[in-house]
Each structure stands twice: as structure tokens, then as C-alpha cells.
Amino acid sequence: MLVAGRRARIQDRAHRLLDQRLREAIESSRFAYHKDFREAAAISDGTLKNWMNGTFMPGIYDLRHISTLLGVDMLWLGFGVGDIHSDNTSFRQLLTRNH
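Nothing here was measured: the structure is a model prediction, and the numbers come from that model. (Residues numbered from 1 in each chain as written. Predicted model: local features only at pLDDT ≥ 70, side-chain atom pairs only at ≥ 80, totals over all residues. Heavy atoms only, no water.)

Asks: Even after reading the chapter, I still don't get a nonpolar patch on the surface, so can you show me in this structure?
Replies: On the surface, Ile 60, Tyr 61, Phe 79 and Val 81 cluster together into a nonpolar patch covering about 450 Å² of accessible area. Relative to the helices and strands, Phe 79 is located in helix α5 (residues 74–79). (Patch = residues over 30% accessible without salt bridge, like charges linked within 9 Å, V, L, I, M, F, W, Y side chains within 5 Å. Areas by Shrake-Rupley, 256 points an atom, 1.4 Å probe, with all protein chains shown as cover. Salt bridge = Lys/Arg side-chain N within 4 Å of Asp/Glu carboxyl O. Helix = DSSP H or I, 4+ residues; strand = E, 2+ residues; numbered from the N terminus.)

Asks: I tried to follow the nonpolar core on my own but got confused; where do I start?
Replies: A general tendency of soluble globular proteins is for nonpolar side chains to be buried together. Leu 22, Phe 37, Leu 48, Leu 70 and Leu 77 are the most contacted members of the largest nonpolar core, which totals 19 residues. Going through the elements one at a time, α1 (2–27), α2 (34–41), α3 (45–52), α4 (60–70) and α5 are the ones with two or more residues in this core. A total of 4 residues in this core trace back to one element, the largest contributor, which is α4. Ignoring anything within four residues of it in the chain, the contact list for Leu 77 reads Leu 18, Arg 21, Leu 22, Ala 25, Leu 63, Ile 66, Ser 67 and Val 72. (Core = buried A, V, L, I, M, F, W, Y, C linked by side-chain atoms within 4.5 Å. Buried < 20%, exposed > 50% of the residue type's maximum accessible area, 1.4 Å probe, protein only. Contact = heavy atoms within 4.5 Å.)

Asks: It is not clear to me how α4 should be interpreted in this structure. Could you clarify?
Replies: Note: α-helices contain 3.6 residues per turn, so residues at a spacing of three or four share the same orientation. For α4, the set of buried residues is Leu 63, Ile 66, Ser 67, Leu 69 and Leu 70. Looking straight down α4, one finds that the buried residues subtend no more than 160 degrees of arc, so they occupy a single side. The exposed residues of α4 that point more than 90 degrees off its buried face are Tyr 61, Arg 64 and Thr 68. (Arc of directions from axis to C-beta.)

Asks: I would appreciate a short explanation of the environment of Leu 77 in the present structure.
Replies: For Leu 77, the position within the fold is in helix α5. Separated by 11 residues in the primary sequence, Leu 77 and Ile 66 have C-alpha atoms spaced 9.0 Å apart.

Asks: So what exactly am I meant to see when it comes to the packing of α2 against α3 here?
Replies: A pair of packed helices is captured by two measures, namely the crossing angle of their axes and the spacing between those axes. Where α2 meets α3, the closest approach of the two axes is 10 Å, and the angle between their N-to-C directions is 110 degrees. Here α3 runs roughly perpendicular to α2, going by the angle between their axes. As for the relative orientation of α2 and α3, their crossing is right-handed in sense. Counted together, His 34, Phe 37 and Arg 38 of α2 and Asp 45, Leu 48 and Met 52 of α3 form the full contact between these two elements. For the contact of α2 with α3, the per-class residue count stands at 3 nonpolar, 1 polar and 2 charged. (Axes fitted to C-alpha atoms, helices over the stretch in contact; angles between N-to-C directions. Parallel < 35°, antiparallel > 145°, perpendicular 65-115°, else oblique. Left-handed = near helix turned anticlockwise from the far one by under 90°. Nonpolar A, V, L, I, M, F, W, Y, C, P; charged D, E, K, R; others polar.)

Without other data, these values stay purely geometric and don't point to any function.
Shown next as C-alpha cells:
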């Protein structure tokens with residue numbers, strides 16, 4: 001029970017921080033309104049609301065797509081790692097690193 005409760009608190013915190021970063025990214029983007037962003041991202045109003053209120057988090061492919069649209073670093077947007085305006089180099093390196 002203790003582990004499940006801790007995991008739930010960590011996920012809740014991650015969701016709340018994601019919504020803050022997403023709001024910041026949209027506000028600093030070329031999109032004047034959330035509606036413009038939703039249309040460009042091809043997502044529904046409900047999906048964006050769920051992301052913004054922390055009900056759901058976008059998947060990895062959605063993160064990649066929306067970070068590109070917003071001109072922000074994917075790791076920063078999804079996980080709070082790095083700088084808002086890096087060029088996703090760190091993520092590319094992570095994906096292409098040989099094990």
C-alpha cells in the first residue's frame with residue numbers, strides 16, 4: 001500500500017507540473033489561442049483539457065508532436081528535464097544511444 005500511495009503522489013505531481021509547462025509553452029508559442037494549437041495538433045478540446053487538468057498525460061508520440069509544434073524541448077515539456085528551448089538533441093541522443 002505504501003508503494004502504491006507514493007507512486008500515486010509522484011504521478012499526481014508529474015501531471016500538475018506537465019500542465020504548468022504545457023500552459024507556459026502554449027502561451028509563449030505562435031498560437032494566439034488554445035483553439036489554434038488544438039487544431040494544429042489535431043487534438044480534441046477534451047484531450048487538451050485532460051492534459052491541462054492533469055487527468056491524463058500525453059503519450060511519447062504526442063509529446064514529440066506537440067513539442068515540435070510549440071517549439072520547445074520534448075524532455076522539458078514532458079518531464080521537466082533541461083531547458084524549454086533546447087533543440088531536442090538530448091532526446092535524440094537518448095533514443096540513438098547503442099546499448
